[in-house]
Amino acid sequence: MLLGAHESIAGGVSQAFARAEEHGARSLQIFTKNARGWNAPPLTEPERRAFRAEARRSGLPAIAHGSYLVNLGTEDPVLRDKSIACVTEELTRCERLGISCLVIHPGTHPDEKRGLALVAEGLDEVHRRTPRFRSRICLEITAGQGHCLGWRFWHLTEILSRVSREDRLGLCLDTCHLFAAGYDLSSEEGYEAVMAECDAAVGLERVRCFHLNDCKKPLGCRVDRHEEVGQGTIGRTAFRCLVNDSRFVNTIGVLETPSPERYAEALRLLESLRRRQ
Ligand SMILES: [Zn+2]
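None of the values given here were measured: they were computed from a predicted structure.

Reading the values: rules and limits
- Starting from 1, residues in each chain are numbered consecutively following that chain's sequence as written.
- Residues qualify for local features only when their pLDDT is at least 70, as the model is predicted, and side-chain atom pairs are given and counted only at 80 or more; totals for whole chains, interfaces and linings, by contrast, use all residues.
- Working from all heavy atoms in the structure, the side-chain values ignore hydrogens and water.
- We count a salt bridge whenever a side-chain nitrogen from Lys or Arg sits within 4 Å of a carboxyl oxygen from Asp or Glu.
- Runs of E in the DSSP output that reach at least two residues are strands. Runs of H or I that reach at least four are helices, and both are numbered from the N terminus.
- Type-normalised accessible area, obtained with a 1.4 Å probe on protein chains alone, sets the label of each residue: buried when under 20%, exposed when over 50%, and partly exposed for intermediate values.
- UniProt positions are given in the numbering used here, feature names are shortened, and annotations may be inferred rather than shown by experiment.
- The span you would expect from a helix comes to 1.5 Å times its residue count less one.
- Taking the helix axis as origin, the arc is that swept by the directions to the C-beta atoms.
- Residues count as neighbours in contact if any of their non-hydrogen atoms are within 4.5 Å of one another.
- Every angle, taken between N-to-C directions, lies between 0 and 180 degrees, and every axis is a line fitted to C-alpha atoms, over only the stretch in contact when it is a helix.
- Under this scheme an angle from 65 to 115 degrees is roughly perpendicular, one under 35 degrees roughly parallel, and one over 145 degrees roughly antiparallel; angles in between are oblique.
- Left-handed describes a crossing in which the near helix is turned anticlockwise from the far one by less than a right angle; the clockwise case is right-handed.
- Think of it as three bins: nonpolar holds Ala, Val, Leu, Ile, Met, Phe, Trp, Tyr, Cys and Pro, charged holds Asp, Glu, Lys and Arg, and polar takes everything else, Gly as well.

Examining the pattern of salt bridges
Link 1 in the chain: Following the criterion strictly, the structure yields 20 salt bridges and no others.
Link 2 in the chain: Among the salt bridges present, the one from E271 reaches R26, with a minimum N-O distance of 3.8 Å. Of the two residues, E271 is situated in helix α9 (residues 263-272) and R26 in the loop between α1 (16-22) and β2 (27-31); the sequence distance between them amounts to 245 residues.
Link 3 in the chain: A relative accessible area of 27% places E271 in the partly exposed class.
Link 4 in the chain: For R26, a relative accessible area of 39% translates into the label partly exposed.
Link 5 in the chain: Notably, a salt bridge pairs E166 with R206, separated by 2.4 Å at the nearest N-O pair. With E166 in the loop between α5 (153-162) and β6 (169-174) and R206 in the loop between α7 (188-202) and β7 (207-211), the pair connects residues that are 40 residues apart, well separated along the chain.
Link 6 in the chain: Exposure remark for R206: the relative accessible area of 17% places this residue in the buried category.

Following this line, the structure appears as structure tokens:
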């Protein structure tokens with residue numbers, strides 16, 4: 001696994017690479033714009049060039065995380081239009097920056113089936129607006145808080161079966177969300193069982209990236225609270241399994257833990273869990 005962390009873009013997206021290097025990361029995740037607002041100043045050509053130069057210089061692969069405001073599962077036409085426009089804009093930024101994956105949460109809706117159909121329609125519309133893009137959307141497994149969709153593997157299977165371009169979609173597995181959703185990967189047997197279930201439902205080759213977070217709350221709580229790796233209810237075993245899993249040698253795995261000041265320490269811990277060959 002290519003271990004890294006979610007890095008700040010303060011001062012411009014190109015600044016994230018130096019931060020990742022300081023943390024000892026081998027990959028990184030960024031927001032391509034403010035994740036808590038709809039609007040953002042356009043990505044300028046000098047900033048695009050600076051980002052590409054930094055990506056080449058550092059050799060670190062980057063993925064992006066989308067806005068938290070987006071809801072492709074909504075019935076509200078205004079929020080729906082804004083969400084589709086926002087994902088389109090973020091995917092366009094990824095394409096211009098050479099970022100392979102944009103991670104988004106599927107959306108929320110009180111009726112699962114109806115919500116999943118709306119998410120699939122929304123993704124189809126984004127894909128229609130971004131023909132021939134190489135950057136792909138990765139749907140993230142969620143903790144299942146409230147009416148959040150995407151906390152069961154079958155939700156993801158359902159979306160994939162409904163979209164017209166499933167070849168343009170990847171998946172992102174967040175360890176905290178999996179555990180909070182009731183997938184117990186805290187033991188070796190549990191880890192293998194969860195991966196087998198994921199493989200049967202959506203195919204592990206579709207998993208493009210991981211979010212490496214421990215969980216503050218118990219198994220199946222359906223509450224999304226990230227904890228420092230190894231210090232939560234998941235514990236180290238799951239992370240040991242992940243960093244040694246030969247299926248994910250070249251897969252990006254990034255921390256989204258509460259304190260960036262502790263990224264370096266957490267990355268050292270994860271590296272230390274690798275079995276010496
Ligand atoms: Zn995550």
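Having seen it, we continue.
Considerations on the UniProt feature "domain: Xylose isomerase-like TIM barrel" (unreviewed entry) in the protein chain
Link 1 in the chain: In the UniProt entry, the feature "domain: Xylose isomerase-like TIM barrel" (unreviewed entry) is given for residues 17-272.
Link 2 in the chain: Taken end to end, residues 17-272 has its terminal C-alpha atoms 23 Å apart, with 42% of it in helix and 14% in strand.

A few points about helix α2 (residues 45-58)
Link 1 in the chain: A rise of 1.5 Å per residue sets the reference length of α2, with its 14 residues, at 20 Å; its end C-alpha atoms lie 20 Å apart and thus fit the reference within 8%.
Link 2 in the chain: For α2, the set of buried residues is E47, R48, F51, E54 and S58. Buried positions in α2, seen along its axis, are confined to an arc of 130° and lie on one side of it. The exposed set on the far side of α2, more than 90 degrees from its buried face, consists of P46 and R56.
Link 3 in the chain: Buried residues belonging to α2 abut α1, β2, β3 (62-65) and α3 (77-97).

As for the packing of α3 against helix α4 (residues 112-129)
Link 1 in the chain: Interaxial distance between α3 and α4 falls to 9 Å at its minimum, and their mutual angle equals 45°. Here α3 is positioned oblique relative to α4, judged by the angle of their axes. For α3 against α4, the interelement crossing comes out right-handed. Facing α3, whose interface residues are R80, I84, A85, V87, T88 and L91, α4 presents L118, E121, G122, E125, V126 and R129.
Link 2 in the chain: Among the residues making up the contact of α3 with α4, the classes are represented as six nonpolar, two polar and four charged.

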